[in-house]
Amino acid sequence: MRIIQTIIIVASLLGSPLSLANPNYAERSEVKAMVKRLAAKGLDSSAVLTLMSEAKRLDTVINAMNRPAERKKWKDYRAIFLKPARILAAKSFYQKHKRTFARAELQLGVPVEVILAIIGVETYFGRNKGSFRALDALATLGLDYPKRAKFFLGELESLFLLAKEENLSVTDLKGSYAGAMGFGQFIPSSYLAYAIDFDDDGRRDLINNPVDAIGSVANYLMRHGWDDAYGIASVVSNAASSVKKMESAIVIKETGSELMEQGVKGIPAAWAQLPLDVLGLHGIKGDEFWAVTKNFYVITRYNRSPLYAMAVTQLSEEIAKELAL
Ligand SMILES: [Ca+2]
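Small disclaimer: the values here were computed from a predicted structure and weren't measured.

Colleague: Explain the overall build of the protein to me, and be specific about the residues and the numbers.
Modeller: When its secondary structure is counted, the protein shows 16 helices and 6 strands. Taken along its principal axes, the extent of the C-alpha atoms in the protein is 85 × 45 × 40 Å. A buried classification covers 50% of the 325 residues belonging to the protein. Pairs at least 24 residues apart make up 71% of the contacts formed inside the protein by residues separated by at least 6 positions.

What follows is the structure, given as structure tokens:
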């Protein structure tokens, strides 16, 4: 008996490894407050608490957050996505869903190749949709990752709302380490706000239904201001002095003619009156500069990284060539 007591005392002093794997998130004050808000929206408190008591803390999720691919320089980042195999995979995904893509472009005004490029960068056309339980990933980041806790706690709350609205089981939902789900990797709040039922079967299924996913990616871009009258990016020169910081977030504000007055060369004449920004990248052959439009900014609403937006832009151009669009 005394030995057992000693073991228990020692274990509690050392902190049992089990307490890490199963942190009992249901007891946290943030969770109790979340449960109250969800109850006000008609969710069953004891069911939410039971699910939260089952949520696991995943150290792999925290480690992945601390080393995102976007920390690479453009020349290394680009190489991940601009590969012939990914372009060929785009072709076969397109051929399978040709009519859906045509309908998305027509109804939502976003080019086929841009929708394809996003789904290609996000999940390789549905091959890598992520295998973390969204519940575990979002609980871990919302409750054990102070830097972004507020944001991810909000996504955790949205996950419960989403499961209720779409009649899904919270514990079945899988996604990336950041809780992004399905072909287009929508986080729960985006799923709630921008997913559409594009095959009219009464459900918005971005995880198993490529038709809903294609329509929803186009809808997301359209709702964030995509304008098919503009291009996305065009290479320019003599632009180093117009760029404050290389590979940094863009701000669309100066017009093409204002940038031309600063000496930037190569801006398309059709962009003279458009608000633009100049993006500087560390390319394979040295620094490169791009004039970018509002559409480039819209792609950064999907993922804040300008490297991400440029990978989508260039992949979309390669796909358009391959498909002769
Ligand atoms: Ca549907």
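That covers the picture; the talk isn't over yet.
Colleague: Go over the coordination of the calcium ion with me, naming the residues and quoting the values.
Modeller: Note on the calcium ion: its protein donors are Asp197 (OD), Asp199 (OD), Asp201 (OD), Arg203 (O), Asp212 (OD) and Asp212 (OD). The metal-donor distances range over 2.3 to 2.7 Å. Mapping the donors of the calcium ion onto the primary sequence gives the spacing D-x1-D-x1-D-x1-R-x8-D. By relative accessible area, which is 23% here, Asp197 ends up partly exposed.

Colleague: Quick rundown of helix 8 (residues 98–108)? Include the residues and the values.
Modeller: Taken as a whole, helix 8 has its buried residues at Thr100, Phe101, Ala104 and Leu108. The buried residues of helix 8 all sit within an arc of 100 degrees when viewed along its axis, so they share a single face. Exposed residues pointing more than 90 degrees away from the buried face of helix 8 are listed as Arg99 and Leu106.

Colleague: I'd love a proper account of the sheet that holds strand 4 (residues 254–255), names of residues and values included.
Modeller: One open sheet accounts for 4 strands, arranged 3-6-5-4; its pairing is antiparallel. Looking at the sheet topology across the chains shown, the edges are occupied by strand 3 (233–236) and strand 4. The sheet contact formed by strand 3 and strand 6 (residues 286–292) spans 4 bridges and is antiparallel. For Val236, the partnering residue across the bridge sits in strand 6 and is Phe289. Strand contacts of helix 6 (residues 74–81): strand 5 (275–283) and strand 6, with the helix running at about 90 degrees to strand 5, the strand carrying the most contacts.

Colleague: Break down the pairing of strand 6 for me, with residues and values.
Modeller: When strand 5 meets strand 6, the two strands line up antiparallel, connected through 7 bridges. Note that in strand 6 the partner of Gly280 across the bridge is Phe289. The loop that links strand 5 with its antiparallel partner strand 6 comprises 2 residues.

Colleague: With reference to specific residues and values, describe the packing of aromatic side chains.
Modeller: Tallied over the entire structure, the rule returns 13 aromatic pairs. Taking 4.9 Å as the distance between ring centres and 75 degrees as the angle between the ring planes, the aromatic pair formed by Tyr194 and Tyr220 counts as edge-to-face. Within this pair, whereas Tyr194 is found in helix 12 (residues 188–194), its partner Tyr220 is found in helix 13 (residues 210–223), the two being separated by 26 residues in sequence. Considering the side-chain rings of Tyr302 and Tyr308, the 6.5 Å spacing of their centres and the 10 degrees angle between planes classify their relative orientation as stacked. The rings of Phe93, Tyr94, Phe101, Tyr124, Phe125 and Phe183 are connected pair by pair, giving a single aromatic cluster. Above the face of the Phe183 ring, Lys129 is positioned so that its terminal group lies 4.3 Å from the ring centre. Positioned above the aromatic ring of Phe151, the side-chain terminus of Arg148 is 4.9 Å from the ring centre.

Colleague: Mind laying out the packing of helix 10 (residues 134–144) against helix 11 (residues 149–166), listing which residues take part and the relevant values?
Modeller: Relative to each other, helix 10 and helix 11 sit at 150 degrees, their axes nearing to 7 Å. Considered as vectors, helix 10 and helix 11 are oriented roughly antiparallel to each other. Taken as a pair, helix 10 and helix 11 cross one another with a handedness that is left-handed. Facing helix 10, whose interface residues are Ala134, Leu135, Leu138, Ala139, Leu141, Gly142 and Leu143, helix 11 presents Ala149, Phe152, Leu153, Glu155, Leu156, Leu159 and Phe160. Residues that form the contact of helix 10 with helix 11 fall into these classes: 12 nonpolar, 1 polar and 1 charged.

Reading guide: rules and limits
Residues numbered from 1 in each chain as written. Predicted model: local features only at pLDDT ≥ 70, side-chain atom pairs only at ≥ 80, totals over all residues. Heavy atoms only, no water. Helix = DSSP H or I, 4+ residues; strand = E, 2+ residues; numbered from the N terminus. Buried < 20%, exposed > 50% of the residue type's maximum accessible area, 1.4 Å probe, protein only. Contact = heavy atoms within 4.5 Å. Donors = N, O, S within 2.8 Å, 3.2 Å for Na, K, Ca; no water. Arc of directions from axis to C-beta. Pairing = 2+ DSSP bridges. Axes fitted to C-alpha atoms, helices over the stretch in contact; angles between N-to-C directions. Phe/Tyr/Trp six-rings, centres within 6.5 Å; stacked < 30°, edge-to-face > 60°. Lys NZ or Arg CZ within 6 Å of the ring centre and 35° of its normal. Parallel < 35°, antiparallel > 145°, perpendicular 65-115°, else oblique. Left-handed = near helix turned anticlockwise from the far one by under 90°. Nonpolar A, V, L, I, M, F, W, Y, C, P; charged D, E, K, R; others polar.

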